[in-house]
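# Tertiary structure, described
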Amino acid sequence: VGSYETIHVERKGRTALLTLNRPEALNALNLQVMNEVVAATAELDRDPDVGCIVITGSPRAFAAGADIKEMRPRSYMDMYLSDWFAAWDRLGDLRTPTVAAVSGYALGGGCELAMLCDILLAADTAVFGQPEIKLGVIPGIGGSQRLTRAVGKAKAMEMCLTGRTIDAVEAEWAGLVSRVVPADELLAEALAVAETVAGMSLPVAMMAKEAVSRAFETTLAEGVRFERRLFHAVFATEDQKEGMAAFVDKRPPGFTHS
Ligand code: CAA
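In this report, the structure presented in the accompanying data block is examined. Keep in mind that this is a model prediction, so the values were computed, not measured.

### Description of the site of the ligand
Around the ligand, the surrounding shell holds 25 residues, and the nearest of these are Arg60, Ala66, Gly109, Glu132 and Gly140. Note that a nitrogen atom of the ligand is positioned 3.0 Å from one of the backbone N or O atoms of Ala64. Note that an oxygen atom of the ligand is positioned 2.8 Å from one of the backbone N or O atoms of Gly140. Burial of the ligand by the surrounding chains reaches 65%, relative to a free accessible area of 980 Å². Per-element accounting of the shell around the ligand gives the leading share, 3 residues, to helix H2 (residues 68–71). A class-by-class count of the residues in the shell around the ligand yields 15 nonpolar, 4 polar and 6 charged.

### Regarding the packing of helix H10 (residues 202–214) against helix H11 (residues 220–233)
As a packed pair, H10 and H11 sit with axes 10 Å apart at the nearest point and diverge in direction by 175 degrees. Judged on the interaxial angle alone, H11 and H10 are roughly antiparallel. Listed contacts from H11 to Met207, Glu210, Ala211 and Arg214 of H10 are Phe226, Leu230 and Ala233. Grouping the amino acids of the contact of H10 with H11 by side-chain chemistry returns 5 nonpolar, no polar and 2 charged.

### Some words on the sheet that holds strand E8 (residues 127–129)
Spatial strand order, E4-E6-E8-E9: 4 strands in an open sheet with mixed pairing. One side of each edge strand has no neighbouring strand; the edge strands of this open sheet are strand E4 (61–63) and strand E9 (166–167). As paired strands, strand E6 (residues 105–107) and E8 are joined by 3 bridges and run parallel to one another. When the sheet's bridge partners are listed, Tyr105 is paired in E8 with Val127.

Scoring rules and cut-offs
- Residues numbered from 1 in each chain as written.
- Predicted model: local features only at pLDDT ≥ 70, side-chain atom pairs only at ≥ 80, totals over all residues.
- Heavy atoms only, no water.
- Near = heavy atom within 4 Å.
- Polar contact = N/O pair within 3.5 Å; in protein donor to acceptor, adjacent residues only side chain to side chain.
- Areas by Shrake-Rupley, 256 points an atom, 1.4 Å probe, with all protein chains shown as cover.
- Helix = DSSP H or I, 4+ residues; strand = E, 2+ residues; numbered from the N terminus.
- Nonpolar A, V, L, I, M, F, W, Y, C, P; charged D, E, K, R; others polar.
- Axes fitted to C-alpha atoms, helices over the stretch in contact; angles between N-to-C directions.
- Parallel < 35°, antiparallel > 145°, perpendicular 65-115°, else oblique.
- Contact = heavy atoms within 4.5 Å.
- Pairing = 2+ DSSP bridges.

The following block contains the structure:
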């Protein structure tokens, strides 16, 4: 994996761990972070030996938002012509499953980055929010849309209009995160989840991800139809034969990701 300054990327078997590393700014997401995260994840996505990507921050902050100091002097034309933040959308286009392991602050762009991931695990120290309104701006990396789909209008409106943050317990109760774990177990738990996912058939995991993701984009009837077509398609994989044979033989499957 290429060398980066604001992130650290390491491989652990079939899992890749991407750690945001701008401690002096609580991992605020400036353009360099965005470009490095997008480049690194695109590279990992192309690697058939990577079955899951974990994105994490520090114990104190997953990310405290987009970089306010970098945005402060910009004009409308700067933002429009550079299509500010648009590159973050590429994270949503990754085919490899992703896990966000959130400890501490996940505010503004930090909350949005977590919501761009497929599985969201929170430490009991996690704090989620879209406090942009307090700065005189609104979310810009999909927060108003993804938060609303995750937690519903009631909480999303209150969070986006008042900037109120929620803790890990409220986030789990509201459906924003799949699970809350003690802070000192977060990384191990996220890596265990990633290893489980990475141990599945990669093409089938990609299809499962694609099917669930489609629920955010389309009607129920079209989504079910899309799922059914992918379900039929898995019967073209070696891994379907292996998975079902292993069940019948009462042994663990050895998927070949083909
Ligand atoms: N951008 C730039 N720098 C930031 C930052 C951000 N989003 N968040 C924190 N920092 C910097 C601080 O300026 C500070 O730097 P200095 O030491 O040079 O002053 C350093 O990180 C440590 O932060 P604090 O001293 O503020 O730490 P704290 O523990 O007192 O407070 C905090 C922590 C409550 C998270 C506070 O830092 C904070 O409120 N941060 C901003 C949160 C926010 O508004 N996020 C939304 C940003 S806008 C956005 O994200 C738009 C979008 O939709 C993408």
